Amino acid sequence: MNLEVLEKNEQKLIFVIEDITIEMANAIRRIILTEIPVFAIEEVIILKNDSPLYDEIVAHRLGMIPLKTNLENYNLPRDCDCGGFGCPLCQVSLTCEVNNDTNKPLVVYSGDLNSNDPNIVPTHDKIPILKIDKDSKIIIECYAILGLAKDHVKFSAVSNCFYRYYPVIIFNEDDIKDKEEKELISKMCPVNLFELVNNKLELKEDYWKTCTLCKACEQNSNGKIKVTTQKGKYIFFIETDGVLPFEVLIKKTFELFNEKIDEFITKLEEIEILSKIY
Amino acid sequence: MIIPIRCFSCGKLIAHVYQPYLDLLEKGESSEIAFEKLGIDRFCCKRMIVAHVDLIDDLLKFPRLQ
Ligand code: SF4
Ligand SMILES: [Zn+2]
Ligand SMILES: [Zn+2]
């Protein structure tokens, strides 16, 4: 297996992965999308709400706020000793009390939530939750738990995760003689990968980074240009809201993958073979 | 009413860029460049911001029925 990182910053990770089967790539994608435990607000107690938003809307908005997650110190509620009832090992409480004593409307931001664990805080401080008028008040108590994105999207660790085939374009410049045809091809590519230099059709060197595999070049050259994909090579894109660092995310993915395989093997060994099917 | 926290289609966090987006437009930036600066690149997320009407300021004028 060969891995090359193309781009990595706070939000995005792009890498090329080689010598991997598509089943494996898809397993990684699906685990990242649905199986990584992540913190989100699950229970909200609204003691006072003077804003024009209904309590249900406020609770829903609070639930959607992504929280920075520390996986080491917390358990999933269903695996916790307390049986999901709620204890310091599986629950974090966040409170918010804002009193508008200015004489202008005031926006309550996610930064106004006070967490009892400084590691579990909203990823951004400037997410507007609601707005209150002058002399109004809001008192909210929230409880955040770990959860899986297959139960609710608010528990998603990434905002986008996909892979695509590695494009390979095969063409012979000499086959395309017509000048008009050359112009047409260079015009039809939606990401402008073909250039006309001195009446010669040239393909950009790093075309595989942006080629969308749309096959417009193939159709407009009557098959003289061939758009194919390389087997076992994929370009992976992961985009996060800052919930988990990429290192933790990828490590957790493979931990979960191994757990699933082990579980499958033990289940398989438990099964008694009752009858033989020929 | 008030800007939704996440994009309806893809789930990306968008609420925190609404105000910076308006500030950039105020400065005379085009929306395309504003979105680029704020790291919004899918059209599902762009429509959340472009199509949003902030009605909450109008509703603040009325007392809340308890
Ligand atoms: S497949 Fe589409 S994007 Fe790729 S080079 Fe051909 S026309 Fe351009
Ligand atoms: Zn517990
Ligand atoms: Zn979106």
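S.K.: What should I look at first to understand helix H1 (residues 22-34) of chain A in this one?
M.R.: Residues separated by three or four positions in an α-helix point in the same direction, a consequence of the helix having 3.6 residues per turn. Compared with an ideal rise of 1.5 Å per residue, which puts 13 residues at 18 Å, H1(A) spans 18 Å between its outermost C-alpha atoms and is within 8% of the ideal. Here the buried face of H1(A) lies against strand S9 (160-170), strand S12 (226-239) and helix H6 (246-270) of chain A.

S.K.: How should the interface of chain A and chain B be read in this particular structure?
M.R.: One widely used convention gives an interface's size as the accessible area the parts lose upon coming together. Counting residues at the interface gives 21 residues for chain A, matched by 16 residues for chain B. Elements supplying a minimum of two residues to the side of chain A that touches chain B: helix H2 (55-64) and strand S7 (128-132) of chain A. The leading source of residues in the side of chain A that touches chain B is S7(A), at 3 residues. Classifying every residue of the side of chain A that touches chain B by side-chain character gives 10 nonpolar, 5 polar and 6 charged.

S.K.: Mind showing me how you'd approach the domain arrangement of chain A here?
M.R.: Domain annotation of chain A identifies domain 1 (1-36 + 157-167 + 234-261), domain 2 (38-155) and domain 3 (172-224). On a C-alpha basis, the centres of domain 1 of chain A and domain 3 of chain A stand 32 Å from each other.

S.K.: Help me understand the sheet that holds strand S4 (residues 91-99) of chain A in this model?
M.R.: In a beta sheet, neighbouring strands pair by backbone hydrogen bonds and run either parallel or antiparallel. Residues and elements named next belong to chain A. The 4 strands lie next to each other as S3-S8-S4-S6, forming an open sheet whose pairing is antiparallel. Strands with a single pairing partner mark the edges of an open sheet, and in this sheet they are strand S3 (38-49) and strand S6 (114-115). Alignment of S4 against S6, held across 2 bridges, turns out to be antiparallel. Bridge assignment links Leu-94 to a residue of S6, and that residue is Ser-115.

S.K.: It is not clear to me how the confidence of the model for chain B should be interpreted in this structure. Could you clarify?
M.R.: Per-residue pLDDT for chain B averages 91, and the proportion of residues at 70 or more is 97%. At the level of chain-chain contacts, confidence expressed as ipTM amounts to 0.92, with global pTM at 0.86.

S.K.: Is there a simple way to explain the site of ligand 1 in this structure?
M.R.: Every one of the 14 residues lining ligand 1 counts as a neighbour, but A:Cys189, A:Cys211, A:Cys214, A:Ala216 and A:Cys217 are closest to it. Considered class by class, the residues forming the shell around ligand 1 number 12 nonpolar, 1 polar and 1 charged.

S.K.: Looking at this structure, I do not really get the sheet that holds S9(A). What am I missing?
M.R.: Residues and elements named next belong to chain A. One open sheet accounts for 4 strands, arranged S1-S2-S12-S9; its pairing is antiparallel. Taken across any chain shown, the strands that pair with only one partner, and hence form the sheet edges, are strand S1 (2-8) and S9. With direction set aside, neighbouring strand axes in the sheet form an average angle of 30°. The pairing of S9 with S12 spans 11 bridges and is antiparallel. Across the sheet, residue Tyr-165 finds its bridge partner in S12, namely Tyr-234. Sheet contacts for H1: S9 and S12; angle to S9, the most-contacted strand, approximately 155°.

S.K.: Would you mind showing me how to read the environment of A:Asp241 here?
M.R.: Of note, A:Asp241 is situated in the loop between S12 and H6. A sequence separation of 90 residues divides A:Asp241 from A:Asp151, and the C-alpha atoms of the two residues are 19 Å apart. The contact partners of A:Asp241, leaving out residues within four places of it in the chain, are A:Pro66, A:Thr123, A:Ser159, B:Lys12 and B:Leu13.

S.K.: Help me understand the nonpolar core in this model?
M.R.: Across soluble globular proteins, you tend to see nonpolar side chains buried next to one another. Ranked by size, the top nonpolar core spans 62 residues in total, and within it A:Ile32, A:Val38, A:Val108, A:Leu130, A:Ala144, A:Ala157 and B:Ile14 carry the most contacts. Counting contributing residues, this core receives three or more from each of domain 1 (1-36 + 157-167 + 234-261) and domain 2 (38-155) of chain A. For A:Ile32, the residues in contact, after removing those within four places along its chain, are A:Ala157, A:Val158, A:Cys161, A:Ile238, A:Leu249 and A:Thr253.

S.K.: Would you explain the environment of A:Thr69 in this entry?
M.R.: Assignment of secondary structure puts A:Thr69 in the loop between H2 and S4. As a C-alpha pair, A:Thr69 and A:Thr123 span 54 residues in sequence and 9.3 Å in three-dimensional space.

What counts, and at which threshold
- Residues numbered from 1 in each chain as written.
- Chains lettered and ligands numbered in written order.
- Predicted model: local features only at pLDDT ≥ 70, side-chain atom pairs only at ≥ 80, totals over all residues.
- Helix = DSSP H or I, 4+ residues; strand = E, 2+ residues; numbered from the N terminus.
- Expected span 1.5 Å × (residues − 1).
- Contact = placed C-beta atoms within 7 Å.
- Nonpolar A, V, L, I, M, F, W, Y, C, P; charged D, E, K, R; others polar.
- Domains from an automatic or database assignment.
- Pairing = 2+ DSSP bridges.
- pLDDT = per-residue confidence, 0-100.
- Near = placed C-beta within 6 Å.
- Axes fitted to C-alpha atoms, helices over the stretch in contact; angles between N-to-C directions.
- Core = buried A, V, L, I, M, F, W, Y, C linked by C-beta atoms within 7 Å.
- Buried ≥ 20, exposed ≤ 12 C-beta atoms within 10 Å, placed from the backbone.

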